[in-house]
Structure formats: structure tokens, C-alpha cells
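# Notes for the structure review
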Amino acid sequence: MNTTPFRRRTGMVAATAAAALVLAACSGGGSTDGTVEITFLTSAGDLSTATGEALIEAFEAENPDIVVNLDTKPDGTDGDNLVKTRLSTGEMADVFMYNSGSLFQALNPEQNLVEMSDFAFADSLTDDFVSVVSTENGLYGGAYGASLAGGIAYNGAIYDELGLEVPESWDDFMANNEEIAAAGYDPIIQTYGDTWTAQLFVLADFANVNAADPEWAQGYTAHEKFYAEQPALAGFVHHQEAYEAGYFNENYPSATYEDGARMLAEGTGVHYPILTGVMDTIRANHPDAVSDIRFMALPADDPANTSATIWQPSGVYIPQTTEGEEREAAQAFVEFVNSTEACEIFTAQGAPTGPYVNGCELPADVDPLVADVQAYFDSGRTAPALEFLSPIKGPNLSQITVEVGSGIRGAEEAAANYDRDVENQAQQLGLEGW
């Protein structure tokens with residue numbers, strides 16, 4: 001049992017009272033004063049904790065007969081193991097926040113989680129989000145916060161200066177890069193000092209792969225589709241083409257993520273294939289440039305397939321072990337977390353880096369980059385990132401894409417290496433066909 005302390009309503013309490021709170025964290029329960037007490041489990045960390053506390057405070061103000069205690073879990077593998085252990089032992093908090101997508105599927109939701117298709121917010125969820133918190137037999141999660149997009153953050157001021165239009169095809173994108181280089185700017189920012197950033201040519205291309213072949217993720221999981229074949233090969237090919245054209249910043253082998261954000265903000269580099277979370281760094285370090293930074297989907301060869309790849313928000317879930325009046329209270333809390341008021345709390349805690357997926361509108365003063373992502377949502381040109389649709393992601397993609405972006409290895413060989421890289425993981429997961 002995780003004995004992380006709850007938020008404190010009063011000062012120090014006696015050891016016996018603390019023990020009672022820990023017990024309540026595991027099971028929830030009624031109170032002698034007629035209130036119902038439940039526990040909400042979220043990630044540790046200052047922002048996560050502050051957001052959880054703000055949501056609880058607003059919820060309790062509207063529901064004075066419900067007390068919500070806050071518990072936390074570590075991120076990463078330790079957090080995954082804690083969630084699975086608590087579900088298997090019947091000690092899970094009454095409401096918990098956890099990943100959507102393939103990690104959600106690993107929780108055996110039909111056996112362990114409460115089905116939510118009758119909840120009031122269910123019809124407001126985007127189809128993409130529904131797909132990553134559902135099984136064939138139902139919906140098992142609400143949304144927790146806003147989304148994140150992967151594609152190209154670009155400097156709109158330089159685009160305006162050069163009279164460029166947002167490209168819809170890869171050829172048009174490369175033509176823009178040629179004009180940008182001629183004007184003396186670095187067309188494409190690469191930052192292999194933080195190797196994870198090298199993956200975006202491949203990862204952010206998945207919505208384009210999905211547009212060309214909507215069954216690709218399913219076939220990939222079944223070992224029937226491969227990165228060494230089109231349409232998925234395109235991400236590797238485009239990465240190689242961009243390197244060979246000489247469009248990267250000179251210091252790309254050692255530049256870091258923060259260097260990339262600075263180059264983008266200052267306009268010395270114009271295109272940065274990255275997640276929209278880069279705006280957090282730009283807001284903090286280059287606030288005067290926020291209005292200049294825009295977003296485009298990574299262009300596909302066929303403009304009809306150009307779509308934005310979306311990293312879906314986490315889900316919020318209720319375990320089957322929560323029953324009776326505690327389940328009713330947990331449902332009310334999940335409903336609140338998907339309300340307009342809750343979205344305002346999420347926005348106040350940290351400016352969104354993508355649209356909400358539960359019907360909430362972005363504030364009118366949202367960053368231009370986020371408004372650009374919303375436009376892809378509005379036109380139906382999005383798909384979840386592959387990691388939300390398939391549990392397979394090899395451990396060496398960062399290194400493999402660095403090799404492609406450094407001219408060490410060609411696209412076809414690199415893609416074939418990545419297909420081999422995922423085999424051990426797929427076999428460890430016991431997937432059919434591997």
C-alpha cells in the first residue's frame with residue numbers, strides 16, 4: 001500500500017489518526033458526520049499535486065457532502081507497477097489518474113474498471129480519445145486535462161517575412177526550406193544533444209500513416225505491418241532527405257532541446273519537429289516570442305494525408321472495487337473533472353499545449369500554436385500517436401533516428417533495424433504473431 005500522505009486539512013495529527021487516513025486511502029468510506037469520503041490517486045510532482053488539490057477544492061465546494069483525499073504515485077515503471085498491484089489486490093483508490101492507450105489496455109479494464117458510457121460527459125469526448133480509453137465492450141475512462149501534438153513548431157514571423165504559406169505536402173515543405181536557407185536562416189532545427197527529439201520525424205508522421213492505412217496500427221501489433229515498408233517508411237525517408245539537403249543547424253549533433261527552443265524563438269531556425277510542449281520552455285525563457293510560434297502537421301507525401309499526430313491526455317478511472325455510495329461519489333468527481341469548470345482549473349494551473357478532448361473550449365487568448373492545433377481537430381485531421389494504439393515501441397528508436405539524421409545510416413536500413421528492435425519487447429508482451 002502506498003502511504004504517501006494526503007493533503008493536510010489541519011496541522012499535525014496523531015499517529016493513530018494518520019493510520020486511519022492511510023486506511024481510508026485504500027478503500028474510501030463513509031464518515032460519522034454523514035459525508036462520504038473517497039480518495040483520488042494522481043502523479044507525484046508539484047504541478048500534478050497542485051492541480052489535484054485545486055480540482056478537489058472546487059469539487060468539494062460544490063459537493064459539501066463528499067470529502068476527497070489526495071494520494072500520489074511515482075511516474076514511470078514504479079507508478080505502473082503500483083497501479084497494477086493495487087488493482088490486483090483490491091486496494092486501488094476510488095478514482096485514479098493513469099495513462100490512456102496501450103498502458104490502459106494492460107490494466108484489463110473490462111475486469112477491473114467501471115464502464116462509463118452512461119456518464120454525462122461520454123458523448124462530448126472526441127472519437128480519438130474514446131478509442132484510447134475503450135475496449136470493444138465499453139468506455140472506461142474520462143479525460144484528465146488537455147492533449148499534446150507532435151509535428152512542426154515554426155516561426156511565423158519568418159514565414160511572414162518571406163511570404164511563405166504553410167505546406168500541405170512534403171515537396172512543398174522542402175521548397176519552403178530551400179527559400180529559408182537562401183534567406184540565411186537554418187530551415188530545420190535538430191537537437192541530438194537530447195536524443196529523444198530525433199524521433200519526431202517518425203513519431204509525428206504516424207497520423208499520416210494512419211490516414212493512408214487506418215488499419216496500420218492493428219497490423220503492426222499483429223506483426224503484419226512494418227516500418228521498412230510504406231507508408232511508415234516515409235518518416236525515415238523524409239528524415240534522411242532533410243539531412244542530405246543540408247537543412248539542419250550546424251550544431252545539431254550537440255544542440256539540446258532548450259537550444260532548439262531558443263533558436264525557434266529567436267528565429268535563427270524556422271522549423272522544429274517537436275511536441276507542442278516546447279511552448280512551456282518558450283513561455284518561460286522567451287515570453288516575447290510566444291505570439292510568433294505556430295504549428296503545422298508534419299507534411300505527408302500526399303497532401304490528402306497530412307494530419308496532426310496527437311498525444312492524448314491521461315484518463316481518469318474508477319476501479320470495480322469502489323462500490324455503493326463511494327462509487328456514486330467517485331462518479332460525481334469524474335464528471336466534475338470533465339466539466340467546463342475543471343478545464344478552467346487545468347488552464348489556470350498550466351497553459352494548455354493542445355486542445356481539450358471533452359468538449360471544453362480553449363480560452364480566447366490561447367497561444368497561436370495551440371489555436372493551430374485546434375484547427376486540425378476541427379477539420380478532423382488528427383490521429384492518436386502510435387503508442388496509444390499499440391503497446392510496441394522499441395527502446396532504441398532515439399539512437400536509430402540520430403543515425404539517420406546524422407548520415408550514419410540510410411532510411412531503409414534504419415527502418416529495418418527498428419523493426420528488429422521491437423521484436424524482443426513484443427515477445428515479452430506475449431503478443432500473437434511474434
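Residues numbered from 1 in each chain as written. Predicted model: local features only at pLDDT ≥ 70, side-chain atom pairs only at ≥ 80, totals over all residues. Heavy atoms only, no water.

### Some words on the domain arrangement of the protein chain
- Taken domain by domain, the protein chain holds domain 1 (36–143 + 314–349) and domain 2 (148–311 + 367–429).
- When each unit is reduced to the centre of its C-alpha atoms, the spacing between domain 1 and domain 2 is 31 Å.
- Listed by partner, the interface residues are six residues for domain 1 and eight residues for domain 2.
- It is Ser 102, Asp 128 and Val 132 in domain 1 that bury the most area against domain 2; as a group they hold 69% of the surface buried on that side.
- Taken together, the links from domain 1 to domain 2 amount to zero salt bridges.
- There are three residue pairs in polar contact (both at pLDDT 80 or more) connecting domain 1 and domain 2.
- Along the lines of polarity and charge, the residues of the side of domain 1 that touches domain 2 split into one nonpolar, four polar and one charged. (Domains from an automatic or database assignment. Contact = heavy atoms within 4.5 Å. Buried area = accessible area lost by both parts, 1.4 Å probe. Salt bridge = Lys/Arg side-chain N within 4 Å of Asp/Glu carboxyl O. Polar contact = N/O pair within 3.5 Å; in protein donor to acceptor, adjacent residues only side chain to side chain. Nonpolar A, V, L, I, M, F, W, Y, C, P; charged D, E, K, R; others polar.)

### Quick look at the environment of Glu 229
- Along the polypeptide, Glu 229 turns up in the loop between helix 11 (216–221) and helix 12 (233–244).
- The spatial distance from the C-alpha of Glu 229 to the C-alpha of Ala 416 is 8.8 Å, given a sequence separation of 187 residues. (Helix = DSSP H or I, 4+ residues; strand = E, 2+ residues; numbered from the N terminus.)

### Quick look at helix 19 (residues 397–405)
- Counting buried residues in helix 19 gives seven out of nine residues, a clear majority hidden from the surface.
- Every buried residue of helix 19 is accounted for by Leu 397, Ser 398, Ile 400, Thr 401, Val 402, Val 404 and Gly 405.
- Of the residues flanking the end of helix 19, it is Gly 407, one or two places downstream, whose phi is positive at about 75°. (Buried < 20%, exposed > 50% of the residue type's maximum accessible area, 1.4 Å probe, protein only.)

### Let's talk about the packing of helix 2 (residues 46–62) against helix 15 (residues 324–337)
- The geometry of helix 2 relative to helix 15 is characterised by a closest axis approach of 11 Å and an angle of 120° between their N-to-C directions. For helix 2 against helix 15, the interelement crossing comes out right-handed. The residues of helix 15 that touch helix 2, namely those facing Leu 55, Ile 56, Ala 58, Phe 59 and Glu 62, are Ala 329, Ala 332, Phe 333 and Phe 336.
- Its residues assigned to classes, the contact of helix 2 with helix 15 comprises eight nonpolar, no polar and one charged. (Axes fitted to C-alpha atoms, helices over the stretch in contact; angles between N-to-C directions. Left-handed = near helix turned anticlockwise from the far one by under 90°.)

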